[in-house]
Every structure is written in structure tokens, then in C-alpha cells.
Amino acid sequence: MTRTHLACYGLGASAFVLAGLLVLSFRGGWTPQAQASLIVNRDAISLLTAKTRADEEALFVLDGSNDKLLIYRLELAKNQLELAESIDLNLLFAGGGQGGAGPGRGR
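Residues numbered from 1 in each chain as written. Predicted model: local features only at pLDDT ≥ 70, side-chain atom pairs only at ≥ 80, totals over all residues. Heavy atoms only, no water.

So, the overall build of the protein
Thinking step 1. From N to C terminus, the protein includes 2 helices and 5 strands.
Thinking step 2. Sequence-ordered secondary structure for the protein, helices as α and strands as β, is α-β-β-β-β-β-α.
Thinking step 3. Counting across all 107 residues of the protein, residues that qualify as buried make up 8%.
Thinking step 4. Intrachain contacts of the protein at a sequence separation of at least 6 include 1% that bridge at least 24 residues. (Helix = DSSP H or I, 4+ residues; strand = E, 2+ residues; numbered from the N terminus. Buried < 20%, exposed > 50% of the residue type's maximum accessible area, 1.4 Å probe, protein only. Contact = heavy atoms within 4.5 Å.)

Laid out in C-alpha cells, this is it:
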């Protein structure tokens, strides 16, 4: 067996090991995981930034004392933060989430 053959067998074996490790790492599925470290939580207020469009991020403020979700959007042209939407969580949950972002499932 020459050095070339030995190198080929070694590379092939390492490729199989790496492929096996890759399969094991995706064993939980392909869905993205939430990053709780990105949330700031103080008293009854929780803050989270998330990408809402390709070139836009929004600030989500969950106000537990007033039961509201406030969504702020950064206006780059004006260099200011503007309130995009205010959602009353009591009304949202009382209505079963009607009028939410997605179609949901039928009962």
C-alpha cells in the first residue's frame, strides 16, 4: 500500500466521521432555536429585538403591568424609533388570537 492509498483511506474515513457528527448534531430537527439570551427582562417589562424584514429590525416591548405588546420600528431616514403597533393582550387572548399574524388551525 502506497502513501497515496493510505492518504485516500484516511480522508475517506474522516469524511464519514464528520458526516456522522453532522447528522447527530441535526438530530433535533432543522427548526431554528429561540435565543433567550437576547431578551432583556426587568420587573414587568421584557425587551426583544428581532429582524422583521430583510433590512429592518423591530423592538418588541412586552409590558406585563399594562398587558400590552408594543412594537417599535427604527426609521433610518429620520433616525428615530417610532411606535409601529400597540396590541392589548387581554383582547387578543380573549378573542382566541383572532386577527393574528397567521391563519392558525381550525378547532
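Further notes follow.
A closer look at the side chain of Ser46
Thinking step 1. Looking at the secondary structure, you find Ser46 in strand S2 (residues 45-53).
Thinking step 2. A polar contact of 3.2 Å, which involves the side chain of Ser46, links it to the side chain of Asn41.
Thinking step 3. Beyond its immediate stretch of four places on either side in the chain, Ser46 contacts Ile39, Val40, Asn41, Phe60, Val61 and Leu62. (Polar contact = N/O pair within 3.5 Å; in protein donor to acceptor, adjacent residues only side chain to side chain.)

What to know about helix H1 (residues 3-25)
Thinking step 1. With 23 residues, H1 should cover 33 Å at 1.5 Å per step; its first-to-last C-alpha distance of 33 Å lies within 8% of that length.
Thinking step 2. By the criterion of burial, H1 is predominantly exposed, with just 0 of the 23 residues buried. (Expected span 1.5 Å × (residues − 1).)

A look at the environment of Leu47
Thinking step 1. With respect to the helices and strands, Leu47 occurs in strand S2.
Thinking step 2. Residues Leu47 and Leu70, spaced 23 residues apart in sequence, show a C-alpha to C-alpha distance of 9.7 Å.
Thinking step 3. Dropping the residues within four chain positions of it, Leu47 is found in contact with Leu38, Ile39, Val40, Leu59, Phe60 and Val61.

Here's the deal with the side chain of Asp63
Thinking step 1. When you line up the elements, Asp63 lands in strand S3 (residues 56-63).
Thinking step 2. Looking at Asp63, its side chain comes within polar contact range of the side chain of Ser65, at 2.8 Å.
Thinking step 3. A polar contact is formed between the side chain of Asp63 and the side chain of Asn66, at a distance of 2.8 Å.
Thinking step 4. Setting aside residues no more than four positions away along its own chain, Asp63 makes contact with Ala44, Ile45 and Lys68.

Details of unusual backbone geometry
Thinking step 1. Here Asp43, not a glycine, exhibits a phi torsion of approximately 50 degrees, which is positive.
Thinking step 2. Mapped onto the secondary structure, Asp43 falls in the loop between strand S1 (40-42) and S2.
Thinking step 3. In this model, Asp67 sits at a positive phi of 55 degrees, which is unusual for a non-glycine residue.
Thinking step 4. Among the structural elements, Asp67 can be located in the loop between S3 and strand S4 (68-75).
Thinking step 5. Using a relative accessible area of 29% as the deciding quantity, one classes Asp67 as partly exposed.

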